[in-house]
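Single-letter residue listing:
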Amino acid sequence: MEFDNRSLIFVGIFFALCLVFIGGVWYSLYVLSSYREEYDMLVSERDSFSANMDRLKARRNVLEQINKINFTHSEKASDSLEFYSWIRNAAEKNDIEMLSMTATQAQNNSEQSGSVLTIKMRGGYYALAKVFADWRQIPFASRVKSLRLTRDKTKPEEAVEADIVLEAYME
């Protein structure tokens, strides 16, 4: 069987087309696998972000609940003197020495006005904890914004000095 030039050209063209087709399929599979890896990576990032979003939503709900508890569970103090006497009486009832108490008006952008008390006390650690427990029973909207305890070196070992910043909403 003899092949003429035309037959060889057709066979060569057919063979070249087969090689081009096989090369194209191989290249397409290569590109597809790289896209598949990128897709898998994006899916794992999406799952990670979704889990983070769920945690952040849960944290946000908790913080919203805390903010509701902080100031909506009780009445606003209509008389600042009555509020200050509640603070002082809780300290005296637990044998805590009130070293100083200064009040300043807090500036809020809302209709509510606030009072910020800076209090310095001295006494036993456990007695101070009882004062905080008594403050939780105050029928006015208030919260301890900051607290710093230091050991009182002039008294027995359990004595502490407390620097407290207390916020209260007033009418």
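The preceding data block contains the structure.
Residues numbered from 1 in each chain as written. Predicted model: local features only at pLDDT ≥ 70, side-chain atom pairs only at ≥ 80, totals over all residues. Heavy atoms only, no water.

### Focus: the packing of helix α2 (residues 80-93) against helix α3 (residues 125-135)
Consideration 1: α3 packs onto α2 with a crossing angle of 145° between their chain directions and a minimal axis gap of 9 Å. Judged by the twist between their axes, the crossing of α2 over α3 is right-handed. Here I87, A90, A91 and K93 of α2 lie close against α3, whose contacting residues are V131, D134 and W135.
Consideration 2: Residue composition of the contact of α2 with α3, grouped by class: 5 nonpolar, no polar and 2 charged. (Axes fitted to C-alpha atoms, helices over the stretch in contact; angles between N-to-C directions. Helix = DSSP H or I, 4+ residues; strand = E, 2+ residues; numbered from the N terminus. Left-handed = near helix turned anticlockwise from the far one by under 90°. Contact = heavy atoms within 4.5 Å. Nonpolar A, V, L, I, M, F, W, Y, C, P; charged D, E, K, R; others polar.)

### Here's the deal with the packing of aromatic side chains
Consideration 1: In total, this model carries 4 aromatic pairs according to the counting rule given.
Consideration 2: A centroid spacing of 6.2 Å and a plane angle of 15° characterise the contact between W26 and Y30, whose relative ring orientation is stacked. You can see W26 and its partner Y30 sitting in helix α1 (residues 5-72), 4 residues apart, about one turn around the helix.
Consideration 3: Judged by centre distance (5.5 Å) and plane angle (70°), the ring pair of F132 and W135 falls under edge-to-face. Of this pair, F132 and W135 both sit in helix α3, 3 residues apart, roughly one helical turn.
Consideration 4: A residue is classified by how much of its surface remains accessible, and W135, at 6% relative accessible area, is buried. (Phe/Tyr/Trp six-rings, centres within 6.5 Å; stacked < 30°, edge-to-face > 60°. Buried < 20%, exposed > 50% of the residue type's maximum accessible area, 1.4 Å probe, protein only.)

### Some thoughts on a nonpolar patch on the surface
Consideration 1: Together, F21, I22, V25, L29 and L32 make up an exposed nonpolar region whose accessible area comes to about 520 Å².
Consideration 2: Note on placement: L29 falls in helix α1. (Patch = residues over 30% accessible without salt bridge, like charges linked within 9 Å, V, L, I, M, F, W, Y side chains within 5 Å. Areas by Shrake-Rupley, 256 points an atom, 1.4 Å probe, with all protein chains shown as cover. Salt bridge = Lys/Arg side-chain N within 4 Å of Asp/Glu carboxyl O.)

### Here's the deal with α3
Count 3.6 residues to each turn of an α-helix, and residues three or four apart come out pointing the same way.
Consideration 1: Regarding α3, the residues found buried are A127, L128, V131 and W135. Projected onto a plane normal to the axis of α3, the buried residues spread over an arc of 100° and lie on a single side. Away from the buried face of α3 by more than 90 degrees, exposed residues Y126 and K130 are located. (Arc of directions from axis to C-beta.)

### Points about the pattern of salt bridges
Consideration 1: Taken as a whole and judged by the stated rule, the model has 10 salt bridges.
Consideration 2: Notably, a salt bridge pairs D47 with R46, separated by 3.3 Å at the nearest N-O pair.
Consideration 3: Residue class for R46 comes out exposed when judged on its relative accessible area of 53%.
Consideration 4: A salt bridge links E167 to R143; the nearest nitrogen and oxygen atoms lie 2.8 Å apart. Note that E167 is positioned in strand β4 (residues 159-170) and R143 in strand β3 (residues 142-151), a separation of 24 residues in sequence.
Consideration 5: Residue R143 is classed as partly exposed on the basis of its relative accessible area, which comes to 28%.
Consideration 6: Put simply, E97, K120, R122, R148, E161 and D163 are held in one network by salt bridges that share partners.

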